[in-house]
Amino acid sequence: MSALDIRIPLNNGTSIPAVGMGTVCPEDKKGPFKKAIVTAIVDAGYRHLDTAWFYGVEEDLGDILQELFQEGKIKREELFITTKCWPSLWNNPEKSLNDSLKSLKLDYVDLFLQHWPLTFKSDANGQPPVPRDDNGKVIFDDGDFLDTYKKMIDIYKNTDKVKAIGVSNYSIGNLERLLKETDVVPAVNQFELHPQLPLQDLVDFCQDHKIVVEAYSAFGSGGAPVTKLPLVNELAKKYNVTPADILINYHTVSGRVVLPRSQNPERIKKGYPKVPLTKEDLENLAEIGELKPTRYIKEDWGKDIGMPYW
Ligand code: NDP
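Calculation criteria
- By convention here, each chain's residues receive numbers from 1 onward along its written sequence.
- Residues qualify for local features only when their pLDDT is at least 70, as the model is predicted, and side-chain atom pairs are given and counted only at 80 or more; totals for whole chains, interfaces and linings, by contrast, use all residues.
- The side-chain values count all of the structure's non-hydrogen atoms but skip hydrogen atoms and water molecules.
- Strands here are runs of E lasting at least two residues and helices are runs of H or I lasting at least four, both read from the DSSP assignment and numbered beginning at the N terminus.
- Our radius of gyration is a C-alpha quantity, and the globule rule it is checked against amounts to 2.2 Å times the number of residues to the power 0.38.
- Residue burial is assigned from relative accessible area. The probe radius is 1.4 Å, only protein chains are included, and a residue is buried under 20% of its type maximum, exposed over 50%, and partly exposed in between.
- Areas reported here follow the Shrake-Rupley algorithm with a probe of radius 1.4 Å; residue values treat only the protein chains shown as occluding.
- In this charge count, Lys and Arg are treated as positive and Asp and Glu as negative; neither His nor the chain ends contribute.
- Just so you know, the charge point we use is NZ for Lys, CZ for Arg, CG for Asp and CD for Glu.
- Here a residue is considered near a molecule or strand provided that any single heavy atom belonging to it is located within 4 Å of it.
- The definition of a polar contact used here is a pair of N or O atoms within 3.5 Å, where within protein one atom must be able to donate a hydrogen and the other to accept one, and adjacent residues in sequence count solely through side-chain atom pairs.
- Cavities and pockets were defined on a 1 Å grid built from protein atoms only: a cavity is a group of points that admits a 1.4 Å probe but offers it no way out, a pocket is an open group of points flanked by protein on both sides within 12 Å along at least five of seven lines, and a lining residue is one with an atom within 4 Å of any such point.
- To qualify as sitting in a cavity or pocket, a molecule needs more than half of its atoms within 2 Å of the grid points.
- All amino acids are sorted into three groups, where Ala, Val, Leu, Ile, Met, Phe, Trp, Tyr, Cys and Pro are nonpolar, Asp, Glu, Lys and Arg are charged, and the leftover types, Gly among them, are polar.
- UniProt positions are given in the numbering used here, feature names are shortened, and annotations may be inferred rather than shown by experiment.
- By convention in this document, the label disulfide applies to cysteine sulfur atom pairs within 2.5 Å.
- What counts as a ring pair is set by centres within 6.5 Å for rings of Phe, Tyr and Trp (its six-membered ring), and what kind of pair is set by the plane angle: stacked under 30 degrees, edge-to-face over 60, tilted for all other angles.
- What pLDDT expresses is the predictor's confidence in each residue, scored from 0 to 100.
- Throughout, a residue-residue contact means that at least one pair of heavy atoms, one from each residue, lies within 4.5 Å.
- Axis definition: a line fitted to C-alpha atoms, limited for helices to the stretch in contact. Angles are taken between N-to-C directions and run from 0 to 180 degrees.
- The scheme is simple: roughly parallel for angles under 35 degrees, roughly antiparallel for over 145, roughly perpendicular for 65 to 115, oblique for anything else.

- The protein is annotated in an unreviewed UniProt entry as NADP-dependent oxidoreductase domain-containing protein from Ogataea philodendri.

### Regarding the overall build of the protein
Reasoning step 1: What the protein contains, in helices and strands, is ten helices and ten strands.
Reasoning step 2: Relative to its length of 310 residues, the protein is compact, with a C-alpha radius of gyration of 19 Å against a globular reference of 19 Å.
Reasoning step 3: For the protein, the C-alpha atoms occupy an extent of roughly 55 × 50 × 40 Å along the three principal directions.
Reasoning step 4: The buried share of the protein, taken over its 310 residues, is 54%.
Reasoning step 5: Counting every atom, the protein has about 13700 Å² of accessible surface; 49% of that belongs to carbon and sulfur.
Reasoning step 6: Treating the 38 positive side-chain charges of the protein as one cloud and the 45 negative ones as another, the clouds have centres 3 Å apart.

### As for the site of the ligand
Reasoning step 1: Near the ligand you find 27 residues, and of these Ser217, Ser221, Arg261, Ser262 and Arg267 are the closest.
Reasoning step 2: The contact in question runs from an oxygen atom of the ligand to an N or O atom on the side chain of Asp50, over 2.7 Å.
Reasoning step 3: At 2.9 Å, a side-chain N or O of Gln190 approaches a nitrogen atom of the ligand.
Reasoning step 4: When the ligand is considered free in solution it has 920 Å² of accessible area, and contact with the protein chains removes 88% of it.
Reasoning step 5: Using a 2 Å cut-off from the grid points, one finds that the ligand occupies the largest pocket.
Reasoning step 6: Along the lines of polarity and charge, the residues of the shell around the ligand split into ten nonpolar, 14 polar and three charged.

### With respect to the UniProt feature "domain: NADP-dependent oxidoreductase" (unreviewed entry) in the protein
Reasoning step 1: The positions UniProt marks with the feature "domain: NADP-dependent oxidoreductase" (unreviewed entry) are residues 32-288.
Reasoning step 2: Taken end to end, residues 32-288 comprises 41% helix and 11% strand; its first and last C-alpha atoms sit 34 Å apart.

### Things to note about the state of the cysteines
Reasoning step 1: Counting across every chain of the model gives zero disulfides.
Reasoning step 2: Cys206 provides the cysteine sulfur closest to Cys85, a residue in no disulfide bond, and the two sulfurs are 20 Å apart.
Reasoning step 3: Given the relative accessible area of 0%, Cys206 is considered buried.

### Notes on the packing of aromatic side chains
Reasoning step 1: Tallied over the entire structure, the rule returns nine aromatic pairs.
Reasoning step 2: Ring geometry for Phe120 against Trp301: centres 6.1 Å apart, planes inclined by 70°, an arrangement best described as edge-to-face. In this pair, Phe120 sits in the loop between strand E6 (111-114) and helix H4 (145-158) while Trp301 sits in the segment after helix H10 (279-291), placing the two residues 181 residues apart along the sequence. Comparing Phe120 with Trp301 shows no difference in burial state: the two are buried.
Reasoning step 3: A network of ring pairs unites the aromatic residues Phe54, Trp86, Trp116, Phe120, Phe140, Trp301 and Trp310 as a single cluster.

### A look at the confidence of the model for the protein
Reading fine detail from the predicted coordinates is not recommended where pLDDT is low.
Reasoning step 1: Summary statistics for the protein give a mean pLDDT of 97 and a share of 100% for residues scoring 70 or more.
Reasoning step 2: If you check the scores for this complex, the pTM reads 0.98 and the ipTM reads 0.99.

### Here's the deal with unusual backbone geometry
Reasoning step 1: In this chain, Gln127 is followed by Pro128 through a cis amide linkage whose omega measures -15°.
Reasoning step 2: The phi angle at Leu199 is positive, at roughly 40°, despite the residue not being glycine.
Reasoning step 3: Here Leu199 lies in the loop between strand E8 (188-192) and helix H6 (200-208).
Reasoning step 4: Although it is not a glycine, Ser221 sits at a positive phi angle of roughly 70°.
Reasoning step 5: Tracing the backbone through its elements, the reader meets Ser221 in the loop between strand E9 (212-216) and helix H7 (230-239).
Reasoning step 6: According to the relative accessible area criterion, Ser221 is partly exposed, its value standing at 28%.

### Some points on the UniProt feature "active site" (unreviewed entry) in the protein
Reasoning step 1: Under the UniProt annotation, the feature "active site" (unreviewed entry) is placed at Tyr55.
Reasoning step 2: Position of Tyr55 relative to the elements: it lies in the loop between strand E4 (48-50) and helix H2 (58-70).
Reasoning step 3: In this structure Tyr55 comes out as buried when scored by relative accessible area, which is 17%.
Reasoning step 4: Residue contacts for Tyr55: discarding those within four places in its chain leaves Thr23, Val24, Asp50, Lys84 and His115.

### Things to note about the side chain of Ser168
Reasoning step 1: The topology assignment puts Ser168 in strand E7 (residues 165-168).
Reasoning step 2: At a separation of 3.2 Å, a polar atom in the side chain of Ser168 contacts the side chain of Asn169.
Reasoning step 3: The residues touching Ser168, leaving out its near neighbours within four places in the chain, are Leu113, Gln114, His115, Trp116, Pro117, Asn189, Gln190 and Tyr216.

### A few points about the packing of helix H3 (residues 93-104) against H4
Reasoning step 1: Packing of H3 against H4 leaves a shortest axis separation of 9 Å and a crossing angle of 60°. Looking at the two axes, H3 sits oblique to H4. Contacts from Pro93, Glu94 and Leu97 of H3 reach H4 at Thr148, Lys151, Met152 and Ile155.

In structure tokens:
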């Protein structure tokens, strides 16, 4: 049984595949990108792609998807596709979405996220994506980050362009404000999560409010440092699977979505088997980060958003 077959219900009545392919693509991996996506969908059976306006891959992704649709390899409605509104377009999520749909060559996405609870001072086209002053400091706009989500609610209620909306990198404090001031509970909150960063309070808060947790950087991002932890390797031996399989199941067994990224066709093709991790295994894994929390994605623009251990 494959973890790729698990689906998790969303609070809008639809469901989401628990394992989604991450589409961040380092410059030197742009060549293998097409092969990675085709292998994921056609050979491994991925049905969920996580992308974003900011990643600069949506044009390529759109071309790849068109080819797969035309060859009859997959149908649009069999895929779950997420895109995100970047803070440089915080004031105009509709433009962000329209840009993404045009690049992706799609009529709708299954999920549209606010990428960060932040506002950047950029031009009307969202350029530069990360504005900085002469000292390299990010230039923030003086708007309210929640306005982005409020405008996303209008898109959700009044168009067919998004099936669900949600947020990313939201702390408990930010979610409390959102729940008080708006009338659409986000379908998901996407943030960094793995045994070195278990963030149990935030996970519990989301699950108590029917907000599905999506784990990003589940391997610790480039170089996959979390796969090297001794306990992860011990468990891999115990269950006769790979360390990456343990890290994927750490989330799926707990009812969370996880978004692994790989540009290695052999790894992608293998997929991720279900592993029957016990409550004790999960607690032991989380204890690593409870004792010594480690965050791998530490963008300087994220310092003030209220997330623990930034
Ligand atoms: P991951 O934590 O998924 O790690 C990717 C790294 O792990 C790559 O170096 C990859 O190398 C390696 N890897 C993949 N599979 C294995 C394996 N089986 N064994 C050992 N190493 C492996 O990276 P990301 O930080 O990119 O996170 C994943 C996705 O999450 C992103 O692509 C994006 O979609 C999302 N994300 C969202 C953010 C947000 O702000 N909302 C922020 C960051 C990420 P190789 O390619 O050689 O396999």
